Amino acid sequence: MTFRHSGPRSYLTSTMTDRFDCYYCRDNLHGKKYVKKDDKHVCTKCFDKLCANTCAECRRPIGADSKELHHKNRYWHEDCFRCAKCYKPLASEPFSARDDGKIMCGKCNSREDGNRCQGCYKVVMPGSQNVEYKNKVWHEECFTCFECKQPIRTQSFLTKGDDIYCVPCHDKKFAKKCFHCKQPITSGGISYQDQPWHSECFVCQTCRKPLAGAHFTSHENSVYCVDCYKTDVAKKCHGCKNPITGFGHGTNVVNYEGYSWHEYCFNCKKCSLSLANKRFVINGDHIHCPDCAKKL
């Protein structure tokens with residue numbers, strides 16, 4: 001807290017013309033200087049010896065001829081009322097009275113009690129450029145990225161534990177990397193087979209159509225939209241000649257000697273009996289049940 005004292009003062013002294021005695025020594029004060037203290041008339045000698053306040057700094061009496069300053073029941077010679085750090089005279093200046101009894105000018109008091117920078121541990125002077133975060137303070141130039149050591153200033157930043165990072169360094173060090181391009185995913189993104197992807201990287205291998213939120217399938221570590229998978233990747237049924245996909249009806253497949261069928265297409269050519277998981281006979285490009293094969 002900063003105070004202003006009442007300024008230098010001296011006790012009332014005057015010269016007697018009529019008979020008047022010192023309250024203590026009874027000397028005649030006629031024609032002499034005296035001090036009036038607590039309604040008593042005291043010669044300057046007795047005042048200095050018996051009544052003067054003791055200077056809080058030099059511990060000597062503050063005589064009748066000296067200017068006195070006081071604050072909270074403490075007294076100083078005018079010349080003794082100085083900053084305990086820089087010794088600047090404070091008789092007509094703002095000052096701070098500390099709990100340990102020391103008197104300081106505003107600047108030295110700020111240095112003594114001011115917030116300390118979390119970077120350099122020096123005092124952050126009032127009015128200086130600084131950054132406050134979670135009840136802590138830094139000089140602006142000390143508030144730096146833990147990784148690249150550059151000042152954050154007005155940039156956005158992120159934290160990891162007690163460490164502070166600029167956004168590029170945080171993304172580089174901690175953000176998930178896209179499975180396709182290996183670059184950090186800073187926002188959004190999707191997950192497929194426990195792997196993160198940028199939305200713009202998760203596209204059909206053939207037509208490059210974005211697949212986020214759309215139906216797709218995968219083949220040999222590549223992803224395809226439904227149309228491109230049917231056209232370019234899916235095996236063709238030896239029966240109906242249509243693509244065999246995993247979409248909807250036709251999930252189960254029958255494979256034999258390099259050919260594939262939808263399960264529902266794997267039927268006897270003559271009687272249409274389903275031959276999935278049954279004995280069958282191949283005759284050219286057609287399949288038959290054993291009974292129909294005997295009639296050929």
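**Notes on the overall build of the chain**
So, step 1. In terms of regular secondary structure, the chain is built from 5 helices and 20 strands.
So, step 2. Scaling as 2.2 N^0.38, a compact globule of 296 residues should have a C-alpha radius of gyration of about 19 Å, whereas the chain reaches 49 Å, well beyond that.
So, step 3. Viewed in the frame of its principal axes, the chain has a C-alpha envelope of about 165 × 30 × 20 Å.
So, step 4. Taking all 296 residues of the chain together, 33% fall into the buried category.
So, step 5. Excluding contacts between residues fewer than 6 apart, the proportion of contacts in the chain whose partners are at least 24 apart in sequence is 17%.

**Observations concerning the environment of Phe280**
So, step 1. Relative to the assigned elements, Phe280 resides in the loop between β18 (259-262) and β19 (281-283).
So, step 2. For Phe280, a relative accessible area of 27% gives the class partly exposed.
So, step 3. Once the C-alpha coordinates of Phe280 and Phe266 are considered, the two residues, 14 residues apart in sequence, prove to be 9.8 Å apart.
So, step 4. Here Phe280 is in contact with Tyr256, Phe266, Leu275, Ile287 and His288, once residues within four sequence places are set aside.

**With respect to the layout of surface pockets**
By rolling a water-sized probe across the atoms, one finds the places where empty space is left.
So, step 1. Empty space within the largest pocket amounts to approximately 400 Å³.
So, step 2. Gln118, Trp138, Asp162, Asp163 and Ile164 are the residues nearest the centre of the largest pocket, which is lined by 17 residues in total.
So, step 3. Every element with two or more residues in the lining of the largest pocket is listed here: β10 (136-139) and β12 (163-166).
So, step 4. Broken down by class, the residue content of the lining of the largest pocket amounts to 7 nonpolar, 5 polar and 5 charged.

**Remarks on the side chain of Ser260**
So, step 1. Within the fold, Ser260 resides in strand β18.
So, step 2. One polar contact links Ser260 to Asn255, side chain to side chain, over a distance of 2.5 Å.
So, step 3. In this structure Ser260 touches Lys235, Lys236, Cys237, His238, Ile244, Val253, Val254 and Asn255, once residues within four positions along its chain are discounted.

**Observations concerning the confidence of the model for the chain**
So, step 1. Averaged over all residues, the pLDDT of the chain is 83; the fraction at 70 or higher stands at 91%.
So, step 2. Within the chain, the element-level pLDDT minimum falls on strand β1 (residues 2-3), averaging 46, and the maximum on β12, averaging 92.
So, step 3. Segment residues 6-11: pLDDT under 50, and 19 contacts once partners within four positions in sequence are set aside and those in other chains are kept.

**Observations regarding helix α3 (residues 167-174)**
So, step 1. Inspection of α3 places Cys169, His170 and Asp171 among the buried residues, and these make up the whole buried set.
So, step 2. Buried positions along α3 lie against β11 (157-160) and β12.

**Remarks on the state of the cysteines**
So, step 1. Scanning all chains against the criterion turns up 0 disulfides.
So, step 2. Cysteine Cys83 is unpaired, with the sulfur of Cys86 as its nearest cysteine sulfur at 3.7 Å.
So, step 3. Using a relative accessible area of 1% as the deciding quantity, one classes Cys83 as buried.
So, step 4. Just so you know, Cys169 is unpaired, no disulfide at all, and the nearest cysteine sulfur is the one on Cys166, 3.5 Å from it.
So, step 5. A relative accessible area of 13% places Cys169 in the buried class.

**Re the pairing of strand β16 (residues 222-225)**
So, step 1. Residues of β16 alternate between two faces, with Ser222 and Tyr224 on one and Val223 and Cys225 on the opposite face, all of them buried.
So, step 2. With 4 bridges connecting them, strand β15 (residues 216-219) and β16 associate as antiparallel partners. Paired with Phe216 across the two strands is Cys225, which belongs to β16.
So, step 3. Connecting β15 to the antiparallel partner β16 that follows it, the hairpin turn spans 2 residues, and Glu220 within it adopts a positive phi of roughly 50°.

**Thoughts on the pairing of β11**
So, step 1. Here β11 pairs with β12 via 4 bridges, running antiparallel. The residue of β12 that forms the bridge with Phe157 is Cys166.

**Side note on helix α4 (residues 226-233)**
So, step 1. When we look at burial in α4, the residues that qualify are Val226, Cys228, Tyr229 and Val233. Angularly, the buried residues of α4 cover 165° about the axis, an arc narrow enough to put them on a single face. Summarising the geometry of α4, the exposed residues directed more than 90 degrees from the buried face are Asp227 and Thr231.
So, step 2. Where α4 is buried, its residues meet β15 and β16.

**As for the packing of aromatic side chains**
So, step 1. Within the structure shown, the criterion is met by 17 aromatic pairs.
So, step 2. Centroid distance Trp138 to Phe143: 4.9 Å. Interplanar angle 65°. Geometry classified as edge-to-face. By the burial criterion, Trp138 is buried, and Phe143 matches it.
So, step 3. Centre to centre, the rings of Tyr192 and Phe202 are 5.6 Å apart; their planes meet at 55°, and the pair counts as tilted. You can see Tyr192 sitting in strand β13 (residues 190-192) and its partner Phe202 sitting in the loop between β14 (195-197) and β15, a full 10 residues away along the chain. For the pair Tyr192 and Phe202, a shared accessibility class is recorded, and that class is buried.
So, step 4. In this structure an aromatic cluster arises from ring pairing among Phe179, Tyr192, Trp197, Phe202 and Phe216.
So, step 5. In this structure, Lys40 is placed above the aromatic ring of Tyr23, and the distance from its NZ or CZ to the ring centre is 5.3 Å.
So, step 6. In this arrangement the basic side chain of Lys182 is found over the ring face of Phe179, its NZ or CZ atom lying 4.8 Å from the centre.

Cut-offs and rules
Residues numbered from 1 in each chain as written. Predicted model: local features only at pLDDT ≥ 70, side-chain atom pairs only at ≥ 80, totals over all residues. Heavy atoms only, no water. Helix = DSSP H or I, 4+ residues; strand = E, 2+ residues; numbered from the N terminus. Rg over C-alpha atoms; globule rule 2.2 N^0.38 Å. Buried < 20%, exposed > 50% of the residue type's maximum accessible area, 1.4 Å probe, protein only. Contact = heavy atoms within 4.5 Å. 1 Å grid on protein atoms, 1.4 Å probe; cavity = no way out; pocket = protein on both sides within 12 Å on 5 of 7 lines; lining within 4 Å. Points joined across faces, edges and corners; volume = space filled by probe spheres on them. Nonpolar A, V, L, I, M, F, W, Y, C, P; charged D, E, K, R; others polar. Polar contact = N/O pair within 3.5 Å; in protein donor to acceptor, adjacent residues only side chain to side chain. pLDDT = per-residue confidence, 0-100. Disulfide = S-S within 2.5 Å. Pairing = 2+ DSSP bridges. Arc of directions from axis to C-beta. Phe/Tyr/Trp six-rings, centres within 6.5 Å; stacked < 30°, edge-to-face > 60°. Lys NZ or Arg CZ within 6 Å of the ring centre and 35° of its normal.

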